[in-house]
Amino acid sequence: MAGFAVLAPNRIVPPRAVALMDADAFAWLLPAAAAALGAAFLSGRAAALACGAALAGLLAGLGATGAALAGGSTVARLGPAAGAWVAAAALLLAARLALGRAGAGAVARALAAAGFAAALAALLAAGLLDHVSLVREAVARGPEVRAALAAHLGLSAAALLPALAIGAALGAAAFARPGAAPAIIGGLAALQVIPAIALFALLIEPFAALSRAVPLLREVGLRGIGAAPAVFGVFLYLLLPVAAATRAALGAAPAAAVDAARGMGFTPAQALLRVRLPLGAPVFLGGVRTASVQAVGLVTLGALVGAGGFGVLMFQGLGQFAPDLILLGALPVAALALVLDAALRAAEEGLAR
Amino acid sequence: MIRFEGVEKSFGAARALDGLDLVVPEGAFAVLLGGSGAGKSTALRLVNRLIEPDAGRVLLRGRDVAAEAAPALRRRIGYVIQGIGLFPHWSVARNIGAVPRLLGWDDRRIAARVEELLALLRLDPAEYRDRMPAELSGGQAQRVGVARALAADPDILLMDEPFGALDAVTRQALQAELRHLHAATGKTILMVSHDVEEALALATRIAVMAEGRLLQEGSPRELLDSPADPRVRDLMDGGALGMRRLSLVPAASLARPDGAAPEGLPRIPAGATARDALEAMLAARADAALLEDATGVPAGVVALADLLRA
Ligand SMILES: Nc1ncnc2c1ncn2[C@@H]1O[C@H](COP(=O)(O)OP(=O)(O)O)[C@@H](O)[C@H]1O
Ligand SMILES: [Mg+2]
C-alpha cells in the first residue's frame with residue numbers, strides 16, 4: 001500500500017492510505033526529520049545517536065498521527081505503509097553504518113541496540129504508540145503473545161541444548177578421526193538439503209508410531225503432531241553448525257603452538273584444556289551463535305506440525321489476510337534472532353581478546 | 001650424552017631414517033647438518049619421543065628414552081622450533097613459566113626464574129614480561145622461545161632450525177647469544193640446521209646427514225680438512241673452503257709479538273678469528289693487522305703470510 005501510513009477503523013475493514021501531509025503530528029516528525037538531517041553531517045557515534053533519535057521520533061509521530069486520526073475510537077489503528085517502512089529501514093541502516101564507521105565493536109553495538117529498545121519501551125509505556133496497529137494487535141492478544149514467546153523459547157532451547165551436546169561430540173569425533181570426518185560432516189550436511197517442512201512432516205509418522213508403541217511416552221505428551229517432530233527436526237538441523245564449529249575450534253590453535261606444547265611435556269589433556277580449547281573458544285561460540293539464530297528461525301515453521309511459538313500467530317495472520325497479525329508473529333522472531341546474535345557476538349569478541 | 005643406536009623410522013613409504021648411529025658427547029654443541037628431507041628433524045624428535053622409532057633406540061645418559069613417560073621426559077628437555085610456537089593467548093611471562101608450572105613450582109619461584117631468563121636473553125623484564133606474543137618482533141619472539149625452553153633448567157636443549165625464519169642480522173645476534181649461553185652453561189645442545197655457515201659458527205661437533213643416514217661426524221675442522229664422502233666435501237667446501245677454515249681459527253693463535261709494528265695497521269679485537277683479520281687487512285689495504293688484548297692494548301701482529309698457517 002502506497003502512502004506514508006494506512007488507517008483502518010478496525011482490524012477487518014481494509015485500510016486507507018494516509019499521506020504525510022494528512023498527519024497532524026509535526027511536533028514529532030519535524031524534530032525526527034531534523035535529527036535525520038543532522039545525522040548526515042555528524043560522524044560516528046553522534047550520527048548513530050541522531051539516527052536512533054530520528055527513528056524514535058518517527059515512531060512517536062506515527063503514534064500521534066494514529067491518535068489524531070482515530071478520534072475517540074479504541075479499535076481504529078494506524079499502520080506503517082511504504083513511506084514509514086522505508087524511512088524506518090533507512091534510519092536503521094544509517095545507524096548501523098554510522099556505528100561501523102565509529103569502529104564500534106559487538107559490545108558497543110549491543111549497548112546501542114539495548115538503548116534503542118529502552119527508548120521504545122519508554123514510548124510504549126507513555127502510551128504514545130497505543131494507536132499503532134501492531135501495538136493494538138499485541139494489546140488485544142496479550143496472553144497469546146506471551147504464550148507464544150514462552151513456547152518459542154522453550155522449543156528453541158529444547159532443540160538447541162541437545163544439539164550443542166551431541167553436535168560437539170560429533171565434531172570432536174570428526175577432529176580426532178580425520179578419516180571419519182567426511183562421513184560425519186557429510187551426513188549432517190545431507191540433512192540440511194531436506195526442506196524443513198518436509199522433514200517435520202516426515203517425522204510425524206515415526207513419532208506417532210513411537211507414541212502408540214510406548215504408552216509412557218504418550219502420557220508425557222509425545223505425539224506425532226505437536227512439539228516432538230518440530231523439536232527433533234530442528235535438533236537435526238542444528239547438528240551441522242555445532243559439529244562443524246567444534247571441529248574447526250579444536251583445530252584452530254596454531255600447529256606450532258600445539259607441537260611446542262607436546263614437545264615441552266604437556267599431557268594430551270593439558271594441551272587440550274590449556275591450548276586447544278582457549279584458542280578455539282571463539283570459533284566454537286561462532287557455531288553456537290549460528291545454531292541459536294537458526295533454532296529461533298526454524299522453530300517458527302514448527303507451527304505447521306502443531307508446535308506452538310510465534311509461527312502460530314504468523315500462520316493465523318496469513319490465513320486471515322491480517323498483516324498486523326503476521327507482523328506480530330514475525331517481528332518478535334526477528335528481534336529474538338537479532339538479540340541472540342548480538343549477545344553471542346559480544347561474548348565472542350570478549351573471548352577473542 | 002645422547003646416543004642413537006641403529007634407529008630406523010619410516011612414514012608410510014617414505015624412509016626418514018635408515019639405520020642412524022650417532023653419539024653426541026655430554027656438553028657438546030652438536031649440529032645435525034644436511035639438505036631438506038635428510039631426516040634431521042625426525043632424528044631430533046626421537047630424542048624427546050615426539051616420534052617413536054620403528055627399530056633401534058635412543059639413549060640419554062645411557063638410559064633408553066622409551067623407559068620414561070613421554071611428558072616427564074620432555075619436561076627435562078628444552079625444545080625450540082622454527083615456528084617458535086609461543087602460546088598466543090598467554091603473556092611472555094606465562095609462556096616462559098609453562099614448564100615450571102607443569103612441574104608444580106610455586107608462583108614466586110616461577111616469577112624469579114622468568115626475570116632471570118628474560119635478562120639472560122637480553123629482554124628487559126619490566127618491558128617484556130606482560131607483553132603478548134603478537135606484540136613481539138620475530139627475533140624477540142624467538143628469544144622468548146629459547147627462554148621458555150630453558151625455564152626448568154634442562155640439561156639438554158633440542159633446537160630445530162630455530163633461526164631459520166629470522167633476518168640475517170637478527171639471526172647472527174641470536175647465534176652469538178646462543179654461543180655465549182652454551183659456553184656459560186655447558187648444556188648439551190642438539191640443533192638441526194641446513195646452513196653450513198651457521199653450523200661452523202656454532203658447533204663443536206657436526207653430523208652431516210643425507211637420505212636418513214649419517215655421512216660423517218666430527219669437529220668442524222675435521223669435516224673441512226678431511227671429508228669422508230664427496231657429498232660432505234661439496235657441502236663443506238661450497239666454494240669458500242679457505243675462508244671457512246680461517247673462520248675456525250682464532251687470530252691470536254697466529255699472532256707474533258709486535259716488535260716494530262709499522263704505524264697505521266688496522267686493529268682487531270682479542271676474540272677475532274683469522275677471517276676477521278683478513279677482512280681487516282683487505283679493508284685497510286694493509287698486509288698485517290694489530291691484535292689487541294682484552295683491554296685494548298696491542299698484543300701482537302698478524303701478517304698476511306701468517307694466515308697461510310691457518
Ligand atoms: N609426519 C610425517 N609424515 C610423513 N612423512 C614424513 C613425516 N615426517 C617426515 N616425513 C618424511 O621423512 C623424510 C625426512 O623428514 P625430516 O626428518 O623432516 O627431514 P629434514 O628435517 O632433514 O628436512 C622426508 O622425506 C619427509 O617427507
Ligand atoms: Mg626439518
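Fair warning: this is a prediction, and the values are worked out from it, not measured in the lab. (Residues numbered from 1 in each chain as written. Chains lettered and ligands numbered in written order. Predicted model: local features only at pLDDT ≥ 70, side-chain atom pairs only at ≥ 80, totals over all residues. Heavy atoms only, no water.)

Student: Describe the sheet that holds strand 7 (residues 156–160) of chain B, with residues and values.
Tutor: Residue and element names in this part refer to chain B. Strand order across the open sheet formed by six strands is 6-7-8-3-9-10, with mixed pairing between neighbours. At either end of the open sheet lies a strand with only one pairing partner, and these are strand 6 (77–81) and strand 10 (213–218). On average, each strand axis in the sheet is tilted by 15° relative to the strand beside it, whichever way the strands run. The sheet contact formed by strand 3 (residues 29–33) and strand 8 (residues 188–193) spans five bridges and is parallel. Residue pairing for strand 8: Phe29 is matched across the bridge by Ile189. The strands that helix 1 (residues 40–47) touches are strand 3, strand 6, strand 7, strand 8 and strand 9 (205–210); relative to strand 8, the one it contacts most, it runs at about 150°. Strands strand 6 and strand 7 of the sheet are contacted by helix 7 (residues 138–150), whose axis makes an angle of about 165° with strand 6. (Pairing = 2+ DSSP bridges. Helix = DSSP H or I, 4+ residues; strand = E, 2+ residues; numbered from the N terminus. Axes fitted to C-alpha atoms, helices over the stretch in contact; angles between N-to-C directions. Contact = heavy atoms within 4.5 Å.)

Student: Give a detailed account of the domain arrangement of chain A, specifying residues and quantitative values.
Tutor: All names here are of chain A. Assigned domains within chain A: domain 1 (5–132) and domain 2 (142–352). If you look at the interface, domain 1 gives eight residues, while domain 2 gives nine residues. Taken over both partners, the interface formed by domain 1 and domain 2 buries close to 590 Å², and the fraction arising from carbon and sulfur atoms is 60%. Its largest share of buried area at the contact with domain 2, domain 1 owes to Arg11, Trp85 and Ala106, together 54% of the area lost on that side. Summed over the shared surface of domain 1 and domain 2, the result is zero salt bridges. It is helix 4 (residues 106–125) that provides the largest number of residues to the side of domain 1 that touches domain 2, a total of four residues. The class makeup of the residues in the side of domain 1 that touches domain 2 is four nonpolar, one polar and three charged. (Domains from an automatic or database assignment. Buried area = accessible area lost by both parts, 1.4 Å probe. Salt bridge = Lys/Arg side-chain N within 4 Å of Asp/Glu carboxyl O. Nonpolar A, V, L, I, M, F, W, Y, C, P; charged D, E, K, R; others polar.)

Student: Could you give an account of the packing of aromatic side chains, naming the residues involved and the relevant values?
Tutor: Here the structure, examined in full by the defined rule, presents five aromatic pairs over all chains. Here the aromatic rings of Phe87(B) and Trp90(B) are separated by 5.1 Å at their centres, their planes lie at 75°, and the arrangement is edge-to-face. According to the relative accessible area criterion, Phe87(B) is buried, its value standing at 0%. Judged by its relative accessible area of 7%, Trp90(B) falls in the buried class. Through a chain of ring-to-ring contacts, the aromatic side chains of Phe207(A), Phe232(A) and Phe235(A) assemble into a single cluster. When the ring centre of Trp105(B) is taken as reference, the NZ or CZ atom of Arg109(B) above it lies at 3.6 Å. (Phe/Tyr/Trp six-rings, centres within 6.5 Å; stacked < 30°, edge-to-face > 60°. Buried < 20%, exposed > 50% of the residue type's maximum accessible area, 1.4 Å probe, protein only. Lys NZ or Arg CZ within 6 Å of the ring centre and 35° of its normal.)

Student: Run through the site of ligand 1, naming residues and quoting values.
Tutor: Residue and element names in this part refer to chain B. In the neighbourhood of ligand 1, the contacting residues comprise Phe11, Ala16, Gly35, Ser36, Gly37, Ala38, Gly39, Lys40, Ser41 and Thr42. A distance of 2.7 Å is found between an oxygen atom of ligand 1 and a backbone nitrogen or oxygen belonging to Gly37. Summarising the interface, the protein chains cover 57% of the accessible area of ligand 1, which totals 560 Å² for the free molecule. With three residues, helix 1 is the single largest residue contributor to the shell around ligand 1. Counted by class, the shell around ligand 1 contains three nonpolar, six polar and one charged residues. (Near = heavy atom within 4 Å. Polar contact = N/O pair within 3.5 Å; in protein donor to acceptor, adjacent residues only side chain to side chain. Areas by Shrake-Rupley, 256 points an atom, 1.4 Å probe, with all protein chains shown as cover.)

Student: Before we move on, can you summarise the side chain of Thr300(A) with the specific residues and values?
Tutor: Residues and elements named next belong to chain A. Tracing the chain through its elements places Thr300 in helix 12 (residues 268–301). From its side chain, Thr300 meets the backbone oxygen of Val296 in a polar contact 3.3 Å long. What Thr300 contacts, discounting residues up to four positions off in sequence, is His152, Gly311, Met314, Phe315 and Val333.

Student: So what about the nonpolar core? Which residues, and what values?
Tutor: Residues Phe266(A), Phe4(B) and Leu190(B) are the most contacted members of the largest nonpolar core, which totals 93 residues. In terms of residue count, the dominant contributor to this core is helix 7 of chain B (six residues). For Phe4(B), the contacting residues outside a window of four places in its chain are Leu20(B), Asp21(B), Leu22(B), Ala43(B), Val47(B), Arg57(B), Val58(B) and Leu190(B). With 38 residues, the next largest nonpolar core counts Leu160(A), Val242(A), Val288(A) and Leu344(A) among its residues. (Core = buried A, V, L, I, M, F, W, Y, C linked by side-chain atoms within 4.5 Å.)

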